[in-house]
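Here is how the chains run, residue by residue.
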Amino acid sequence: MSSSSDAPPIEPGAVAAAEGRENPVLRRLPTPDSPDLEEAITRTGADKRRRLEEGGERATRALESRGDRFLRHFGPDPVNWVRNTGADHDVVVVGGGQAGLGIGFALRRAGIGRVAVIDAAPPGETGVWKTVARMHTLRTPKIWPEPEFGHPELSFRAWYEERHGLAAYEALDRIPRLPWAAYIDWIEQTLRVPVRHRTRLMSVAPHEHGLALELVVTDEDGSQERRTEVTRRLIFANGVEGTGGFFFPDAFEGLPRELYAHTGEPIEFKNLIGRKIGVLGAGASALDAAATALEAGAAEAHVFTRHEKLLIQGEAPQGPANVGARENFHRRSDAERWKLKVTAARAGRSCTLASVRRAAAFDGFAVHLSAGWNKAVATADGVQVEADDGTHRFDFLIAGTGYQYDPNTQPELAPIADQVALWEHRYQPPAELENVGLGRWPYLGDGYEFQEREPGTAPWVTRIHVFSAGAAMSFGIPVGDTQSLPTGIPRLVDAVGAALFAEDATLPPASAAGKTPDDSTEDPFLQFYVGRLWRAVGRG
């Protein structure tokens, strides 16, 4: 048997020729003595570079984040059209959470460029999701619109499926709290809305160019600087605290502050190990606080409600029952709005079934029905509570009693609150529908703006917009929550833009500083069509 080295060389195309056919690839290759060889090598190299470039582009697109792709497709922001005045900002947004980020982005896309978003919290601690929120999942259905501004690629679903897959999203009943917090962080990075963290608003006052804001800026080392900045418009997007703060019933009056806390503030649950806790209120936040205490090692957690039963939401609904009623609440008459809100207040706060199950898993959990609190008194070994169902002793109390929205109680608004219209100044309900607390909510215009208490005395208060829970009396739903963002933010931005545009129209014409008037009547574009001008015969 002969070796391969003894075999005669096989000429190109010999096999194909022996089979009676021509090899198309070999047919295209030039022979070594062909004059086309150099051209073929050059063409092959160019094809390879093109394929490499196309592959690199595909790889780049694959590595490109969903957010970057969204902004690239969305195109550049419109040019800022708002006139420059003596103000430092056209709009300042207080709050860098889900609402504040959405507002900042929407203003930018509306061509309102001089916008500042401020937040008192350091980076990573904005909002409640990683600080005082204690629920395992959000309380709104997962399919309700979120801060995606009508763009599905920015939705929580798209974000979650990209990381965990379709099946994982389908398995969710409601959105988990910590993934939601991560999603909001992603929204901030994606929309590229700069937030000035550690910047707290201290007071608001009228100014010749709008509103003077006193700010305190805290450095990373704890040092503070006070500064005053002027803005033409101010938007409160500060969540549940809105225009007021915590609400504590009269039973807490005179009780030392170290013996109780509100569900909306940080609580050192590790200090409650082995303790007996009393919780007033049976809403979702109250139940979640009780469950968190028990999970941390509390011996007992007693939840008290003045109602005859817990108001449990049940399983997650598929969406709002009547979107039309929700979105048009602010167009109802004052009497209709008042009656609806009083009825809801009398019904009480609801809680989720998940919150009830979470707390009820512990033997130390107890529910007291028809048991409002009349008085809480400090004792040598804790607190004694006089309730409608008897006397009880606790080591610590938690108030799950919600919020009030009287601007007189908020430090930054208190100095101007006497010039702001409240509901009690605009509507007097019949005796059977009286509610002092609701009467102290701000009475807002269609663009979420404050109204003057006495028309004509303080028109500058209408420069302040409330896109937070303090707007719920005028708009029905908890403004600032996810359900309010898709339609509320466009409504707000439209109102702000309309006000700035109207104000700009009253300003003197913009000067052409540094330019000399051009009296020339020559058309600079004539050169492009001068050779095609038609001239009638005999007319030159």
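Thresholds, definitions, all that
Residues numbered from 1 in each chain as written. Predicted model: local features only at pLDDT ≥ 70, side-chain atom pairs only at ≥ 80, totals over all residues. Heavy atoms only, no water. Helix = DSSP H or I, 4+ residues; strand = E, 2+ residues; numbered from the N terminus. Buried < 20%, exposed > 50% of the residue type's maximum accessible area, 1.4 Å probe, protein only. Contact = heavy atoms within 4.5 Å. Pairing = 2+ DSSP bridges. Axes fitted to C-alpha atoms, helices over the stretch in contact; angles between N-to-C directions. pLDDT = per-residue confidence, 0-100. Phe/Tyr/Trp six-rings, centres within 6.5 Å; stacked < 30°, edge-to-face > 60°. Salt bridge = Lys/Arg side-chain N within 4 Å of Asp/Glu carboxyl O. Parallel < 35°, antiparallel > 145°, perpendicular 65-115°, else oblique. Left-handed = near helix turned anticlockwise from the far one by under 90°. Nonpolar A, V, L, I, M, F, W, Y, C, P; charged D, E, K, R; others polar.

Participant: For this particular structure, what's the right way to read the overall build of the chain?
Facilitator: Per the secondary structure count, the chain includes 16 helices and 19 strands. Counting the 540 residues in the chain, one finds 43% classified as buried. Across the chain, every contact between residues at least 6 apart in sequence was considered, and the portion connecting residues at least 24 apart equals 71%.

Participant: Got a minute to help me understand the sheet that holds strand β14 (residues 373-379) in this structure?
Facilitator: Think of a sheet as strands paired side by side through backbone hydrogen bonds, with each pair either parallel or antiparallel. What the three strands build is an open sheet, ordered β14-β15-β16; its pairing is antiparallel. The open sheet has two edge strands with one neighbour each: β14 and β16 (390-394). Adjacent strand axes in the sheet meet at a mean angle of 20 degrees, parallel and antiparallel pairs treated alike. Both strand β15 (residues 382-387) and β16 contribute to a ladder of five bridges, which runs antiparallel.

Participant: What am I meant to see in the environment of Thr231 here?
Facilitator: You can see Thr231 is positioned in strand β8 (residues 224-236). On a C-alpha basis, the gap between Thr231 and Gly86 in space is 9.0 Å, while along the polypeptide they are 145 residues apart. If sequence neighbours within four positions are ignored, Thr231 has contacts with Ala87, His89, Asp90, Val91, Val92, His209, Gly210, Leu211 and Leu213.

Participant: Help me understand the confidence of the model for the chain in this model?
Facilitator: For residues with low pLDDT, the predicted coordinates do not support detailed interpretation. Per-residue confidence for the chain averages 86 on the pLDDT scale, and 82% of its residues sit at or above 70. Note that pLDDT drops below 50 for residues 1-29; the model gives that stretch seven contacts with residues more than four away or on any other chain.

Participant: Looking at this model, I keep getting lost on unusual backbone geometry. Mind explaining?
Facilitator: Residues other than glycine predominantly adopt negative phi, and peptide bonds predominantly adopt the trans conformation. Its identity as a non-glycine residue notwithstanding, Arg192 has a phi of 55 degrees, on the positive side. Among the secondary structure elements, Arg192 is positioned in the loop between α8 (177-191) and β5 (195-196). Note on Arg192: relative accessible area 48%, which makes it partly exposed. In this model, Ser370 sits at a positive phi of 50 degrees, which is unusual for a non-glycine residue. Considering the arrangement of structural elements, one finds Ser370 in the loop between β13 (365-368) and β14. Since its relative accessible area comes to 38%, Ser370 is described here as partly exposed.

Participant: Explain the packing of aromatic side chains here, please?
Facilitator: Within a pair of aromatic rings, the relevant descriptors are the distance that separates the centres and the angle that separates the planes. Enumeration according to the criterion identifies 27 aromatic pairs in this entry. Between the aromatic rings of Trp129 and Trp180, the centroid separation amounts to 6.4 Å while the plane-to-plane angle is 75 degrees, which identifies the pairing as edge-to-face. With a gap of 51 residues between them, Trp129 in the loop between β2 (115-118) and β3 (137-141) and Trp180 in helix α8 connect regions that are remote in the sequence. Taking the relative accessible area as the measure of exposure, Trp180 reaches 0% and is therefore buried. Seen in terms of ring centroids, Phe252 and Trp373 are 5.8 Å apart; in terms of plane orientation they differ by 35 degrees. Their pairing is tilted. Pair noted here: Phe252 is in the loop between β9 (245-246) and β10 (260-262) and Trp373 is in strand β14, with a separation of 121 residues, a long-range link. With respect to class, Phe252 is no different from Trp373; both count as buried.

Participant: Would you mind showing me how to read the pattern of salt bridges here?
Facilitator: A full pass over the atoms with the stated rule returns 25 salt bridges. Between Glu170 and Arg157 there is a salt bridge, with its nearest N and O atoms 2.7 Å apart. In this pair, Glu170 sits in helix α7 (residues 166-171) while Arg157 sits in helix α6 (residues 156-164), placing the two residues 13 residues apart along the sequence. For Glu170, a relative accessible area of 47% corresponds to the partly exposed category. In this structure, Glu295 engages Arg358 in a salt bridge whose closest nitrogen and oxygen atoms are separated by 2.8 Å.

Participant: What exactly am I supposed to notice about the packing of helix α9 (residues 284-296) against helix α12 (residues 353-360) here?
Facilitator: When two helices pack together, their arrangement is captured by the angle between the axes and the distance separating the axes. Look at α9 against α12: their axes get within 8 Å of each other, and the N-to-C directions meet at 25 degrees. Relative to α12, the element α9 is oriented roughly parallel. In terms of crossing hand, the pair formed by α9 and α12 is left-handed. Contact residues: Ala284, Leu287, Asp288, Ala291, Thr292, Leu294 and Glu295 in α9; Ser355, Val356, Arg358 and Ala359 in α12. Of the residues that constitute the contact of α9 with α12, the class distribution is six nonpolar, two polar and three charged.

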